[in-house]
Amino acid sequence: MSSAFSLSQARDGNVAEADEPTRAVRDAEFATAVLEGLAQKPRHIPSRFLYDEAGSALFEEITKLDEYYPTRTEIALLRAYGDEIAECVGPVETLVEFGSGSSRKTRLLIEALDGLETYVPIDVSESFLAEAAEGLEADFEDLTVRPVVGDFTKPRDLHGIEADEPLGFFSGSTIGNLTHEEATDFLENATRLLGPGSTFLIGVDLQKNLDILIPAYDDARGVTASFSLNLLARINRELDGDFDADRFAHRAVYNPRQGRIEIYLESLADQTVHVLGQRFDFTKGERIHTENSHKYSIEGFQDLARRGGWEPAEVWTDEAALFSLHLLRAA
């Protein structure tokens, strides 16, 4: 494929949907995922459905918690090594961010990069994209922001903007939410999207003591619990569900065999719930698996990157080895 990628743009809110399914199709995908996931044993719902507008706002609140080290550590790395990262990348005209959220960390990267003209954030939350685009265009007068509403994990063809050898950015250790197979698929899709000669900066959470790890996903204030339970509120609102959130609890456990935190919603009683007219019986203690967060060694992630079509170039970590930034080059 060509080293250029393209992006269709729609104005009115400065947000493009770039060949994404219609809202009705996305709603149908949510309904199918919930009904099929609840019907299986063990029950599960994909983590991407945690991030509706309310969920995205709650996650932003999580990133500011004392217990949640990844965001502040990654920000510190970008501040400390932004110029060094930019030197390794070289002049780049286009930055493509996968799962951008509010783009807080991206500002540090934008300030450091040489020659940047266009920023393309991809996220499922249209309101977050619009707010971030407005703020970035106000603060960076020479920067063109072209947001795309959509699932960044899916293969895509972006139409409209031509850019040679762009830089990809995937922050927040979001890649840890993907299984190893899903992460490899994502990296392969990113290779095809960004093209030959491109570079990719990825935030990766590192393996660490459980005394640090568990509180990051089960904070004292219960914000993470609210984030998890918001999924039930979304099901009730969008899929005519009748979940009682007070009868479910957020659980965060570490799976040492898989090297990951696993997030569940646990039923606190024997109960029956309905979604779109279908009945689901829960026993006390039964769980819905909603999220994974894999933790890597530096070497382990580099091996994964190679399987996804990228060649490791540089890596930056903090003194406590909590978090890492990996610069990859298209193989």
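Note that the coordinates shown come from a computational prediction; the quantities given were computed from them, not determined experimentally.

K.L.:
When you look at the overall build of the protein in this model, what are you seeing that I'm missing?
P.N.:
A tally of regular secondary structure across the protein gives nine helices and 16 strands. For the protein, the proportion of its 331 residues judged to be buried stands at 56%. Taking the contacts inside the protein whose residues are at least 6 apart along the sequence as the reference set, 72% of them involve residues at least 24 apart. Counting only carbon and sulfur atoms, one obtains 46% of the accessible surface of the protein, whose full area is about 14,500 Å².

K.L.:
For this particular structure, what's the right way to read a negative patch on the surface?
P.N.:
Taken together, D83, E84, E87 and E314 make up a surface patch of like negative charges. Per-element tally for the negative patch: the top contributor is helix α3 (residues 69-89), with three residues. Checked against the element boundaries, D83 lands in helix α3. Residue classification places D83 among the exposed residues on the basis of a relative accessible area of 62%.

K.L.:
Got a minute to help me understand the packing of aromatic side chains in this structure?
P.N.:
Tallied over the entire structure, the rule returns 16 aromatic pairs. Consider the rings of Y296 and F301, whose centres lie 5.6 Å apart with planes at 75 degrees: the pair is edge-to-face. Note on accessibility: Y296 and F301 belong to one class, buried. Three or more aromatic residues joined by ring pairs make a cluster, and in this case those are Y51, F59, Y68, Y217 and F227. A cation over a ring is seen here: R43 above F282, with NZ or CZ 4.2 Å from the ring centre. In this structure, R287 is placed above the aromatic ring of Y264, and the distance from its NZ or CZ to the ring centre is 5.1 Å.

About the criteria used
Residues numbered from 1 in each chain as written. Predicted model: local features only at pLDDT ≥ 70, side-chain atom pairs only at ≥ 80, totals over all residues. Heavy atoms only, no water. Helix = DSSP H or I, 4+ residues; strand = E, 2+ residues; numbered from the N terminus. Buried < 20%, exposed > 50% of the residue type's maximum accessible area, 1.4 Å probe, protein only. Contact = heavy atoms within 4.5 Å. Areas by Shrake-Rupley, 256 points an atom, 1.4 Å probe, with all protein chains shown as cover. Patch = residues over 30% accessible without salt bridge, like charges linked within 9 Å, V, L, I, M, F, W, Y side chains within 5 Å. Salt bridge = Lys/Arg side-chain N within 4 Å of Asp/Glu carboxyl O. Lys, Arg positive; Asp, Glu negative; His and termini not counted. Charge placed at Lys NZ, Arg CZ, Asp CG, Glu CD. Phe/Tyr/Trp six-rings, centres within 6.5 Å; stacked < 30°, edge-to-face > 60°. Lys NZ or Arg CZ within 6 Å of the ring centre and 35° of its normal.

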